[in-house]
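# Analysis of the macromolecular model
Listed here are the chains, written in short residue letters.
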Amino acid sequence: ARADGYLQDSYGVDLNRNYKYKWDVVHNQKNLFIRSRSPSSRMYRGRSSISERETSAMEKLIAKNNVVALIDYHSGSTQVLYPYAYSTTQRADKNLFGRKWGRDDYEVFRKVSEKIASLLNRYDRGDETIVNYTSSQNYNEVSVGSGVARDCYYQTEGIAALNIEVHD
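Here's what I pulled together on the structure shown here. (Residues numbered from 1 in each chain as written. Predicted model: local features only at pLDDT ≥ 70, side-chain atom pairs only at ≥ 80, totals over all residues. Heavy atoms only, no water.)

Let us look at the overall build of the protein. Counting its secondary structure elements, the protein contains four helices and four strands. The helix and strand sequence of the protein, counted from the amino end, reads α-α-β-β-α-β-α-β. Buried residues in the protein amount to 42% of all 168 residues. Once local pairs closer than 6 in sequence are excluded, the contacts in the protein between residues at least 24 apart make up 79%. (Helix = DSSP H or I, 4+ residues; strand = E, 2+ residues; numbered from the N terminus. Buried < 20%, exposed > 50% of the residue type's maximum accessible area, 1.4 Å probe, protein only. Contact = heavy atoms within 4.5 Å.)

This is the structure we're talking about:
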């Protein structure tokens with residue numbers, strides 16, 4: 001992993017790898033498995049799920065309130081992401097949101113994410129570095145990540161949860 005550049009100086013815990021649902025999934029994750037388990041990786045998942053004060057605070061906030069939707073912001077790209085991050089083939093299938101319109105949750109997440117991406121592209125305020133927002137289930141449609149907030153809160157609480165990646 002070090003030769004591939006995955007292990008570097010310590011960054012702390014990547015909070016978006018610290019949630020309880022699928023926290024330690026390693027199936028088909030190859031190098032991500034190594035990166036997320038190493039404290040010197042920028043993708044370090046933490047010593048256990050919900051090990052950080054910030055993720056613990058989110059758990060308490062969600063438990064105390066009637067949360068129906070959640071947008072989780074991160075930096076690094078220009079994408080609107082929906083569940084499930086841990087797989088490129090598993091689809092959001094709880095059918096909590098699409099039932100009313102005769103669609104499954106995956107289709108609802110996909111359509112809403114596409115709409116948000118198009119709005120972000122429309123209102124880019126002329127900044128050429130913040131354009132070309134896309135909508136996807138996974139980062140660049142191929143990367144997978146376990147223990148992420150959008151998967152956790154959709155799966156465990158039935159919350160419509162999205163992740164918006166904003167440019168650095």
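Next comes the rest of the description.
The four strands are arranged S1-S4-S2-S3 in an open sheet whose pairing can be described as mixed. What marks the edges here is a single partner per strand, and that holds for strand S1 (69-75) and strand S3 (134-136). Pairs of neighbouring strands in the sheet enclose a mean axial angle of 20 degrees, with direction left out of account. Note: strand S2 (residues 79-81) against strand S4 (residues 160-166), three bridges, orientation antiparallel. If you follow Leu-81 over to S4, its bridge partner there is Asn-163. Contacting S2, S3 and S4, helix H3 (residues 105-122) runs over the sheet at an angle of about 30 degrees to S4. Where helix H4 (residues 149-157) meets the sheet, it contacts S1, S2 and S4, and its direction lies at approximately 170 degrees from that of S4. (Pairing = 2+ DSSP bridges. Axes fitted to C-alpha atoms, helices over the stretch in contact; angles between N-to-C directions.)

What follows concerns the nonpolar core. Judged by nonpolar contacts, the single largest core of 19 residues is most densely connected at Leu-70, Tyr-84, Phe-109, Tyr-153 and Tyr-154. The element that contributes the greatest number of residues to this core is H4, accounting for four residues. When near neighbours in sequence (up to four residues on either side) are disregarded, Leu-70 contacts Met-58, Ile-62, Tyr-153, Ile-159, Ala-160, Ala-161 and Leu-162. (Core = buried A, V, L, I, M, F, W, Y, C linked by side-chain atoms within 4.5 Å.)

The analysis is restricted to geometry; functional conclusions fall outside its scope.
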